[in-house]
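Overview (structure and organization)
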Amino acid sequence: MDTVRILKQTTISMINVGTRHIKNWIFVTGSIRSGTTFLADILSTPLSVDYIHEPFNVRCGMPGMEKRYQYIAETLETDTMQMLDRQFERLKQYDFALQTSYYPNDPSHLKLIKKVVGSRGPFFLRLAKANYLHRHCIVKDPTAPLVARHLHTAYQFKPVVIIRHPASLVASFERVSWWPETQKLLSQDAFVRDYLTEQDLANYNSYDHSSLTDACFHWLFTYRTLLQWANAFEWPVVTHEELCASPVETFGALYDTLGLPWSSYVERKIHRKTHGGNSPEAKQGRVQDFSRDSAQIFEMRRDSLSPSQRQTIFDITQEVALQCYSRKSFNLNAPLETSHE
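A quick note: this is a predicted structure, and the numbers were derived from the prediction, not measured. (Residues numbered from 1 in each chain as written. Predicted model: local features only at pLDDT ≥ 70, side-chain atom pairs only at ≥ 80, totals over all residues. Heavy atoms only, no water.)

Describing the confidence of the model for the protein
As a reminder of what qualifies: A score from 0 to 100, pLDDT tells how confident the predictor is in each residue. Contacts are assigned to residue pairs with any non-hydrogen atoms lying within 4.5 Å of each other.
Looking at the protein as a whole, the pLDDT averages 89, with 88% of positions reaching at least 70. A low-confidence stretch, residues 334-341 (pLDDT under 50), is modelled with 14 contacts involving residues beyond four sequence positions or located in other chains.

Structure representation (structure tokens):
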């Protein structure tokens, strides 16, 4: 396998046609489990669109990534921020490698494939480096939403923010036992200073730190910041529920907004991935399964939670959630007053 590894890295370093023809850099972000992979998969369908998979992810991104949800201030005031900025420069030149990620539940055949061709990140990076036809690049990373503003202002990226209803998102976390960690946000002094208030911290500390409540605060702090930036810089914002309810129309509008080449092939791919004949539930053992009945996913996820859980989610996230969703969408059976003392 050492020989295979050497050949893979040699191939990566030798084939790089450069990025001078790429004029359209797009950053797809949001929360983990919000639909960023599906969104980026459809947006990167045309041959002229490269796809870069999670370059800032500590498990499968560029070597040296140390922390998820890293915030980068325009002042570049810390060593970590300066390191990230240098990585952004390398990103726009395709002058980097990505790590292959291995997970305990990977089946044996997938582990073998990863050893030969790498996981999604290295595989698609090789395609991007060798793509003479590229004119656009989609960079997708839900583990680094708080670098979006700097990518936009310093490196001319167009961020696209995808939001998923907090009740549906929490249910998705619960299904796969993947939970974000609000402490990774609170441990960054610059982010706390720039985007949180004393009342935010008091509210956070007044709740028990269960996985559910922690995920709600992570949703609140992340999306409040992203929506503030999106409003200021006029970034496109799309909800997971819009993609599920009207996938062709929603993607068509995004393609137009982002200047990507729409085609009948793109439309057929969307139909195939979201067709009503598919089950809304992911196949057994699949963490991500795109080929499902999209329109049924939201209610199925939301209603898997108890009324008290939905009430807690609403109480914590309503400041931002009601900008995008109705109170009715939470399907609350609890009294209107907060359930938290």
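Some points on helix α13 (residues 247-258)
So the rule is basically this: Put simply, DSSP H or I for four residues or longer makes a helix, DSSP E for two residues or longer makes a strand, and each gets a number counted from the N terminus. To estimate the expected span of a helix, subtract one from its residue number and multiply by 1.5 Å. Relative accessible area decides the class of each residue, using a 1.4 Å probe on protein chains only: under 20% of the type maximum gives buried, over 50% gives exposed, and in between gives partly exposed. As used here, the arc belongs to the directions running from the helix axis to the C-beta atoms.
Between the first and last C-alpha of α13 there are 16 Å, a value that for twelve residues agrees with the 16 Å anticipated at 1.5 Å per step. Taken together, the buried positions of α13 are P247, V248, T250, F251, L254, Y255 and L258. Viewed end-on, α13 has its buried residues packed into an arc of 165 degrees, placing them on one side of the element. Turned more than 90 degrees off the buried face of α13, the exposed positions are E249, D256 and T257. On the buried face of α13, the contacting elements are β1 (24-30), α2 (36-43), β4 (158-163), β5 (237-239), α12 (240-245) and α14 (264-274). Following α13 by one or two positions, G259 has its phi on the positive side, about 70 degrees.

Thoughts on the packing of helix α11 (residues 211-233) against helix α16 (residues 307-321)
Packed helices, taken two at a time, are described by the angle between their axes plus the distance between the axes. As a reminder of what qualifies: Interaxial angles span 0 to 180 degrees and are taken between N-to-C directions of axes, which are lines fitted to C-alpha atoms, for helices over the stretch in contact. When an angle is under 35 degrees it counts as roughly parallel; over 145 it counts as roughly antiparallel; between 65 and 115 it counts as roughly perpendicular; any other value is oblique. Should the near helix be turned counterclockwise from the far one by less than a right angle, the crossing is left-handed, whereas a clockwise turn marks it as right-handed. Here the nonpolar group is Ala, Val, Leu, Ile, Met, Phe, Trp, Tyr, Cys and Pro; Asp, Glu, Lys and Arg are the charged ones; every other residue, Gly included, is treated as polar.
Two elements in contact, α11 and α16, have axes whose closest approach is 9 Å; the angle formed by their N-to-C orientations is 15 degrees. Between α11 and α16, the crossing angle belongs to the class labelled roughly parallel. Note that α11 runs across α16; the crossing there is right-handed. Taken together, the residues of α16 that come into contact with α11 (itself represented by L212, T213, C216, F217, W219, L220, Y223, R224 and L227) are Q309, T312, I313, I316, T317, E319, V320 and A321. Looking at the contact of α11 with α16, its residues break down into eleven nonpolar, four polar and two charged.

Topic: the packing of helix α7 (residues 166-176) against α16
Between α7 and α16, whose axes approach to 9 Å, the crossing angle comes to 125 degrees. Comparing the axis directions of α7 and α16 gives the class oblique. Judged by the twist between their axes, the crossing of α7 over α16 is right-handed. Counting all contacts with α7, which are made through P166, A167, V170 and E174, the residues of α16 involved are Q309, I313, T317 and A321. Of the residues in the contact of α7 with α16, the class split is five nonpolar, two polar and one charged.

Some points on the packing of aromatic side chains
This is how the line gets drawn: Only rings of Phe, Tyr and Trp enter the pairing, Trp through its six-membered ring, and a pair is recorded when the two centres are within 6.5 Å. The plane angle decides the type: under 30 degrees is stacked, over 60 is edge-to-face, the rest tilted. Whether a charge sits over a ring depends on NZ of Lys or CZ of Arg being within 6 Å of the ring centre and within 35 degrees of the ring normal.
Inspection of every chain in the model, using the stated rule, returns 21 aromatic pairs. Pairing F88 with Y155 gives two aromatic rings, centres 5.9 Å apart and planes at 80 degrees, and the pair type is edge-to-face. Of this pair, F88 sits in helix α3 (residues 79-91) while Y155 sits in helix α6 (residues 148-155), and the two are 67 residues apart along the sequence. With respect to burial, F88 and Y155 carry one shared label: buried. With 5.7 Å between their ring centres and 85 degrees between their planes, Y195 and W229 make a pair best called edge-to-face. Separated by 34 residues along the polypeptide, Y195 in helix α9 (residues 189-195) and W229 in helix α11 bring together distant segments of the chain. When sorted by exposure, Y195 lands in the same class as W229, which is buried. Members of the aromatic cluster, each reached through a chain of ring pairs, are Y71, F191, Y195, W229, F233 and W235. Positioned over the ring face of F96 is K129, at 6.0 Å from the centre of the ring. A cation over an aromatic ring shows up here: R327 above the ring of F314, its NZ or CZ 5.2 Å from the ring centre.

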